[in-house]
Amino acid sequence: MGQQRRSPALGGRILVAASSVAATIAMVGWMGRVATAGSDLEGAPAEVIRRVVVVETRSPEPYIALKAAEAGQEVVVITRPAQVIHRAPVVVATGATPAPVTKSSGS
Amino acid sequence: MPEVRFAAMGTTAHIVVNGPETLLASARARIEDLEGRWSRFREGSEVSRLNRHGVARVSAETEDLVVRSIAGWHHTGGRFDPTVHHAMIGLGYDTTFERIAAEAAVSAPVAAPGCGSIEVSAGVVRLPDGAGFDPGGIGKGLAADLVASEMVAGGADGALVNLGGDLRAVGAAESGAWAIEIEEPLAGVREVVAFEGGAVATSTPLRRTWIQGTERRHHLIDPGRGLPVSAPPALVSVVAGEAWWAEVCTKAAMMIPRGLLSGLLDDASALVVESDGSRVLVNDMERYLR
């Protein structure tokens, strides 16, 4: 499941886990139960899921999540190790402008 | 170029393809498929299930929609906010726009809770208590992005998908650039933008208006107050690489101080028409105007 670290500030109660594989999710229960998300998440008791905190990080390292855990969160889920959303750029027109094909009239 | 228009997502869809005409039918089916997942007015949609139960297992497309919505909320400091769902309902926009009662019932405004506590993992979305999710414009934008890209992947040289003003063009038009007219007659706006690939999203408080009590309402909601944005510009039109992002920027631009607008528009440009008719061009918008 990738890297796993214990948070010394929490006495080892919380385990923060991350994987270098995109879309792999590690869910760690506050009682020390380690569950892989996906099928396990769906079947997990509501009180466990409610303790999950999604931490957005652009780093594959669990450092940011670890800091959040040390700040008092009880359970940490690292969703995607690299949650950068890449966006396509605009390609600027260089030639002659044709007649409009459609309207953006707003809603 | 072959094209088709039809009603979808509470507006008019317009698809143009530089390629096989047969791609229009599959594009239309895909838009209807996405509407079936994202409509807040269809009982069986993934978004309706999410709003009904507070948690739902969703498709990859819907998870992507939620993740991008959260990203937009973060980027705009909460000005773009898909959790205005309950505020919309409180204002009377509780059914498709065509069916809103002539005079919607009056109720207290509901501030949007924001996206900070939405949980997304492994195809499961969980909303915080009291939150609802309204894909609104970002759903149209992302649908335009997905369908235009899929049409090019399916063999088109280029495709343009326009969902009520949220549009995306991928690949080449027959004559090179794609030209799009930005029009709002009430605001006196008639402009043409052109690019060889990109997106436009346009919003105006002058359309989709209704009466609630003694107040005229519009659909552009200030999340913090749960009420329509007060004194908004007459029109904001944003050019960006992708339509979902253009939509995020457009909504946020409706309520951000003008001095902060340039910084908000990350990789995007804007035309803002103020209510007095004055125009502001932001981040080299001149590059696209013809």
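Small disclaimer: the values here were computed from a predicted structure and weren't measured.

**Q** Now, about the sheet that holds strand β5 (residues 119-121) of chain B: what can you tell me, with residues and values included?
**A** Residue and element names in this part refer to chain B. One open sheet accounts for three strands, arranged β3-β6-β5; its pairing is antiparallel. In this open sheet, the two edge strands, each paired with only one partner strand, are β3 (55-57) and β5. In this sheet, adjacent strand axes meet at a mean angle of 10° when their direction is disregarded. Contacts from helix α2 (residues 46-53) reach β3 and β6 (124-126) within the one sheet, and its direction differs from that of β3 by about 145°.

**Q** With reference to specific residues and values, describe the layout of surface pockets.
**A** Residues and elements named next belong to chain B. The computed volume of the largest pocket comes to approximately 700 Å³. As for the largest pocket, its lining consists of 37 residues, and the residues nearest its centre are Asp134, Pro135, Gly136, Gly137 and Lys140. Within the residue set of the lining of the largest pocket, elements represented by two or more residues are α1 (22-38), α5 (136-153) and α6 (243-253). Residue contributions to the lining of the largest pocket peak at five residues, all from α5. Of the residues in the lining of the largest pocket, the class split is 16 nonpolar, nine polar and twelve charged.

**Q** Please set out the pairing of strand β15 (residues 235-240) of chain B residue by residue, giving values where relevant.
**A** The side chains of a regular strand alternate between the sheet's two faces. Residue and element names in this part refer to chain B. Here β15 lies mainly inside the structure; six of its six residues are buried. Bridge count for strand β10 (residues 189-203) against β15 is five bridges, and the pairing is antiparallel. Opposite Ala199, over in β15, you have Ala240 as the bridge partner. Of the pairings in the sheet, the one linking β15 to strand β16 (residues 268-273) comprises six bridges and is antiparallel in character. Counterpart to Val239 in the pairing with β16 is Ser269.

**Q** So what about helix α3 (residues 60-75) of chain B? Which residues, and what values?
**A** All names here are of chain B. Spanning 16 residues, α3 covers 22 Å between terminal C-alpha atoms, matching the ideal 22 Å at 1.5 Å per step. In this structure, the buried side of α3 is in contact with α1, α2, β5, β6, α5 and α6. Count one or two residues on from α3 and you reach Gly77, which has phi positive near 60°.

**Q** Just give me the short version of the interface of chain A and chain B, but keep the residues and values in it.
**A** Contacts between the two partners involve 36 residues from chain A, matched on the other side by 56 residues from chain B. Counting each side, the surface lost to burial between chain A and chain B is near 3800 Å², with a carbon and sulfur contribution of 53%. At the junction of chain A and chain B, the tally comes to three salt bridges. In this structure, the salt-bridge partner of Arg87(A) is Asp267(B), at a minimum N-O distance of 3.4 Å. Connecting chain A to chain B are 17 residue pairs in polar contact (both at pLDDT 80 or more). Taken together, the elements giving at least two residues each to the side of chain A that touches chain B come down to α1 (39-43), β5 (52-55), β7 (91-92) and β8 (102-104) of chain A.

**Q** Account for the nonpolar core, naming residues and giving values.
**A** Residues and elements named next belong to chain B. Grouped together as the largest cluster of nonpolar side chains are 66 residues, with contacts concentrated most on Ile15, Ile31, Met151, Val161 and Leu265. Here this core takes eight residues from α6, the largest share from any one element. In this view, Val161 contacts His14, Ile15, Ile31, Ala144, Val147, Ala148, Met151, Asp166, Leu167 and Arg168; residues no more than four positions away in its chain are not counted. Formed by 22 residues, the second largest nonpolar core is a distinct cluster that contains Ile180, Val189, Leu235 and Val273.

Reading the values: the criteria
Residues numbered from 1 in each chain as written. Chains lettered and ligands numbered in written order. Predicted model: local features only at pLDDT ≥ 70, side-chain atom pairs only at ≥ 80, totals over all residues. Heavy atoms only, no water. Pairing = 2+ DSSP bridges. Helix = DSSP H or I, 4+ residues; strand = E, 2+ residues; numbered from the N terminus. Axes fitted to C-alpha atoms, helices over the stretch in contact; angles between N-to-C directions. Contact = heavy atoms within 4.5 Å. 1 Å grid on protein atoms, 1.4 Å probe; cavity = no way out; pocket = protein on both sides within 12 Å on 5 of 7 lines; lining within 4 Å. Points joined across faces, edges and corners; volume = space filled by probe spheres on them. Nonpolar A, V, L, I, M, F, W, Y, C, P; charged D, E, K, R; others polar. Buried < 20%, exposed > 50% of the residue type's maximum accessible area, 1.4 Å probe, protein only. Expected span 1.5 Å × (residues − 1). Buried area = accessible area lost by both parts, 1.4 Å probe. Salt bridge = Lys/Arg side-chain N within 4 Å of Asp/Glu carboxyl O. Polar contact = N/O pair within 3.5 Å; in protein donor to acceptor, adjacent residues only side chain to side chain. Core = buried A, V, L, I, M, F, W, Y, C linked by side-chain atoms within 4.5 Å.

Just distances and angles here, no functional claims.
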